[in-house]
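Chains, contacts and geometry: an overview
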Amino acid sequence: MRTQVGIVGAGPAGLFLAHLLHLTGIEAVIVEAKSRRYVEERIRAGVLEQGVRDLLVETGIGERMKLEGLLHHGINLRFGGEKRRIDFSDLADGQAVTVYSQHEVVKDLVAARIGAGGTIIFEAEDVRADGFEGQHPVIRFTAGGERHELFCDYIAGCDGSHGICRSSIPEGALTSFERVYPFAWLGILARAAPASEELIYAQHERGFALLSMRSPTISRLYVQVDPHEDLANWPDDRIWEELQIRLGGGTGWQLTEGPVLQKGITAMRSFVTEPMQYGRLFLAGDAAHIVPPTGAKGMNLAIADVRVLARALQSFYETGRTDRLEAYSATCLRRIWKVQRFSWWMTSMLHHFPEHTPFDHRRQLAELDYVTSSRVGGATLAENYVGLPFDDP
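Nothing here was measured: the structure is a model prediction, and the numbers come from that model. (Residues numbered from 1 in each chain as written. Predicted model: local features only at pLDDT ≥ 70, side-chain atom pairs only at ≥ 80, totals over all residues. Heavy atoms only, no water.)

**A word on helix α1 (residues 12–23)**
- For α1, built from 12 residues, the straight-helix expectation of 16 Å at 1.5 Å per residue is met to within 8% by its first-to-last C-alpha distance of 16 Å.
- α1 sits mainly inside the fold: 10 of its 12 residues count as buried.
- Along α1, the residues classified as buried are P12, A13, G14, L15, F16, L17, A18, H19, L20 and L21. (Helix = DSSP H or I, 4+ residues; strand = E, 2+ residues; numbered from the N terminus. Expected span 1.5 Å × (residues − 1). Buried < 20%, exposed > 50% of the residue type's maximum accessible area, 1.4 Å probe, protein only.)

So, in structure tokens, the structure goes:
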């Protein structure tokens, strides 16, 4: 088999890269280890930055998002028994975010690729990639009981933090930066109308909590727990009780409850690998970086990565120049480290750390008070939350 760009992974990064390349006439084949049903139903993040929303619309992927996505012009911070709002319309030049689940974006992208005659090989087994230092790197895999070799000009590793692409790079070629947080999020998906029209981030002495949503009838909620917590210790009644305490703050406000459809525990960490390329292999999305979900940036960063990569590949195929490809990692990392900083800041401001003293708790309250009472402080949060401008080499 032969293609111009081989893509490992059918998440948002891989699918959107293939879509962008298709729009410029560049051929790409996606190789994915999981089934189509799995990738389309895997529940993940659900907040799109203004620039990402605009990009989906501009490239013909945003019609269903415009109909079903929930446009939010602010978020709420609850602390010290009160709730304060960060107004994006006022503080971020009228920009907004859109609540639209990652798996819905994936559905739209899969439909677009198949509708355009693109090739996605689902349920590929024993996937391997090598030859990055040569002219024609190769992706090897088994599908339909047969072994295949896909020769490419370039390979995009969009296969997540546990994928095969990053681990295929020779030892010592990359430098990793990581921070593991001493807590996790216990998240639930519930059939319950959201008790707020916008997200509520709660800082509480018992730990962080978040009220989010997926639709007008489905709520997505989280509570901070120990990273080694056993999910069996959290029956539904206990989860709702803890959410009521942390999100309500004794103000008489009641969280809407309903049947829990799904629950799980997610560890929290920050991770970046440098560089994000090796020879003719380019890493994008979770294969290159992980952010704690507090800032709602994971999918947005992945989209930003492949936007840069698609433009660099277009430049190469149209002019033969490789300068944009060579600058790919440096271009992406400028944005990535700014987003890492913001995600770390949101996480450190809202969570209870095991080593925290009463001094630390009051310092957090003072910081939240500043952010929500200072126009400059509020604008800093708003500008980062709705999304920084895209970077180009």
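That shown, we press on.
**Quick notes on the packing of helix α11 (residues 328–350) against helix α12 (residues 358–373)**
- In contact at an axis separation of 8 Å, α11 and α12 are set at 125° when each is read in the N-to-C sense. As far as their axial angle goes, α12 and α11 are oblique. In contact with W345, S348, M349 and L350 of α11, α12 contributes Q364, E367, L368 and V371.
- Looking at the contact of α11 with α12 residue by residue, the class counts come to five nonpolar, two polar and one charged. (Axes fitted to C-alpha atoms, helices over the stretch in contact; angles between N-to-C directions. Parallel < 35°, antiparallel > 145°, perpendicular 65-115°, else oblique. Contact = heavy atoms within 4.5 Å. Nonpolar A, V, L, I, M, F, W, Y, C, P; charged D, E, K, R; others polar.)

**Overview of the environment of F122**
- When you line up the elements, F122 lands in the loop between β8 (119–121) and β9 (125–130).
- In the structure, F122 is positioned 90 residues away from E32 in sequence and 4.9 Å away in space, judged by C-alpha atoms.
- Apart from the residues lying within four places of it in its own chain, the contact partners of F122 are A10, E32, K34, S35, R36, V39 and V110.

**Details of the pairing of strand β11 (residues 146–151)**
- Here strand β10 (residues 138–143) pairs with β11 via six bridges, running antiparallel. By the bridge assignment for β11, I139 is matched with L150.
- In this structure, the hairpin formed by β10 and β11 is closed by a connection of two residues, where G144 is found at a positive phi of approximately 60°. (Pairing = 2+ DSSP bridges.)

**A short note on the nonpolar core**
- I7, I139 and F141 are the most contacted members of the largest nonpolar core, which totals 73 residues.
- Examining the composition of this core, we find that 11 residues originate from one element, helix α9 (residues 298–319), more than from any other.
- In contact with F141, other than residues within four places in its own chain, are M1, V31, I121, A124, E125, D126, V127, E146, R147, H148 and L150.
- Of all hydrophobic cores here, the second largest spans 52 residues; its members include A192, I200, L247 and F353. (Core = buried A, V, L, I, M, F, W, Y, C linked by side-chain atoms within 4.5 Å.)

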